Amino acid sequence: MKIAGCSALVTGGASGLGLATALALAERGAHVVIADLPSSRGTELAAEHGLTFVPADVTDEHSVARAVEAATELGPLRVAVCCAGVATAERAVGRDGPLPLPRFERVIAINLTGTFTTVKLAAAAMMATEPVEGERGVIVMTASVAAFDGQVGQPAYAASKAGVAGMTLPLAREFAQTQIRVVSIAPGIFQTPMMAGLPQAAQDSLAAQVPHPSRLGRPDEYASLALHIVDNAMLNGETIRLDGAIRMGPR
């Protein structure tokens, strides 16, 4: 799909994987809207890089709708990339007893339900556009290797990302009749703000677990794959691992 001249929406676009993808799309000529929390650096980054920032929480459908509307005002919405998410490490039964249900539900609400909310609203906007070379739009969702190799302490996170992977094919099949593709990326261990919060020794230990290249993934490598998905019309209905061949151990 041709990126230049269209509009693109990136949730979680004020940092990490989302920011790298937003910048890559803008470099290819897209009008990019980044949707992120009001507390993010969205306003500053938008001004610095020529993007449009819309404060949004993916658990609030109305704010996501405002972000989609802002994107459609800039041009036909043809690309949506869902990067908003949280990573938690909490056991089902920890030292203080069973995990309080609201903490589990919060992860599902952001990572899974928030992704679905973005997808359904973006897809509806794409359906209102005219197809170009047989396509109306492309939606990229972010799963995780935890969807397949979830570790101890990741029941909520792994469940949320497995849900993203699980709805990829059904969504692709549903939207096929309207010429919209849906693909998910399942990153391994990447350099993100969440990762930066770990001690350097912990980051080095995680990087050493990656077979090749034996390092943390870079956000621009995620962005590169996201753009290739947009470019390659035969990529549809699949969850692609981007992980240097890592397979996570139990701990």
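Note that the structure is predicted; figures quoted are calculated from it, not measured.

Looking at the environment of Glu238
Turning to its location among the elements, Glu238 is positioned in the loop between α9 (219-231) and β9 (239-242). Assessed through its relative accessible area of 43%, Glu238 is described here as partly exposed. Along the primary structure Glu238 and Gly166 are separated by 72 residues, whereas in three dimensions their C-alpha atoms are 9.7 Å apart. Setting aside anything within four residues of it in sequence, one finds Glu238 in contact with Thr168, Val182, Val183 and Ser184.

Topic: the side chain of Thr11
By secondary structure assignment, the location of Thr11 is in strand β1 (residues 7-11). Overall, the relative accessible area of 3% leaves Thr11 in the buried class. Discounting chain neighbours no more than four positions away, the residues touching Thr11 are Ala35, Val58, Val81, Cys82, Cys83, Ala84 and Thr118.

Topic: the sheet that holds strand β2 (residues 31-36)
Sheet architecture is open: seven strands sit in the order β3-β2-β1-β4-β7-β8-β9, paired in parallel fashion. The sheet is open, and its two borders are formed by β3 (52-55) and β9, each paired with just one other strand. Adjacent strand axes in the sheet meet at a mean angle of 20° when their direction is disregarded. On the sheet, helix α4 (residues 101-127) packs against β1, β4 (77-82), β7 (137-142) and β8 (180-187) and is oriented at approximately 175° with respect to β4. Relative to β8, α9 is tilted by about 160°, and along the sheet it contacts β4, β7, β8 and β9.

So, the nonpolar core
Leu77, Ile139, Met141 and Phe175 are the most contacted members of the largest nonpolar core, which has 37 residues in total. Elements that contribute at least two residues to this core include exactly β2, α3 (61-74), β4, α4, β7, α6 (155-175) and β8. Considering each element in turn, this core owes the most residues, eight residues, to α4. Apart from the residues lying within four places of it in its own chain, the contact partners of Met141 are Cys82, Thr115, Val119, Val164, Met167, Thr168, Leu171, Val182, Val183, Ser184, Ile185 and Tyr222. Core analysis: the second largest hydrophobic core is formed by 32 residues, Leu17, Cys83, Leu227 and Leu235 among them.

What about the pairing of β7?
Judged by how many residues are buried, β7 sits mostly within the fold: six of six residues are covered. Side chains Gly137, Ile139 and Met141 of β7 all project onto a buried face; the interleaved residues Val138, Val140 and Thr142 project onto the opposite face, where all are buried too. Note that β4 and β7 share four bridges and pair parallel. Residue Cys82 lies in a different strand from β7, and its bridge partner there is Met141.

Some words on helix α1 (residues 16-27)
Helix length check: α1 (12 residues) gives 17 Å between terminal C-alpha atoms against 16 Å at 1.5 Å per residue, within 8%. Gly29 occupies a position one or two residues after α1 and carries a positive phi of about 100°.

Calculation criteria
- Residues numbered from 1 in each chain as written.
- Predicted model: local features only at pLDDT ≥ 70, side-chain atom pairs only at ≥ 80, totals over all residues.
- Heavy atoms only, no water.
- Helix = DSSP H or I, 4+ residues; strand = E, 2+ residues; numbered from the N terminus.
- Buried < 20%, exposed > 50% of the residue type's maximum accessible area, 1.4 Å probe, protein only.
- Contact = heavy atoms within 4.5 Å.
- Pairing = 2+ DSSP bridges.
- Axes fitted to C-alpha atoms, helices over the stretch in contact; angles between N-to-C directions.
- Core = buried A, V, L, I, M, F, W, Y, C linked by side-chain atoms within 4.5 Å.
- Expected span 1.5 Å × (residues − 1).

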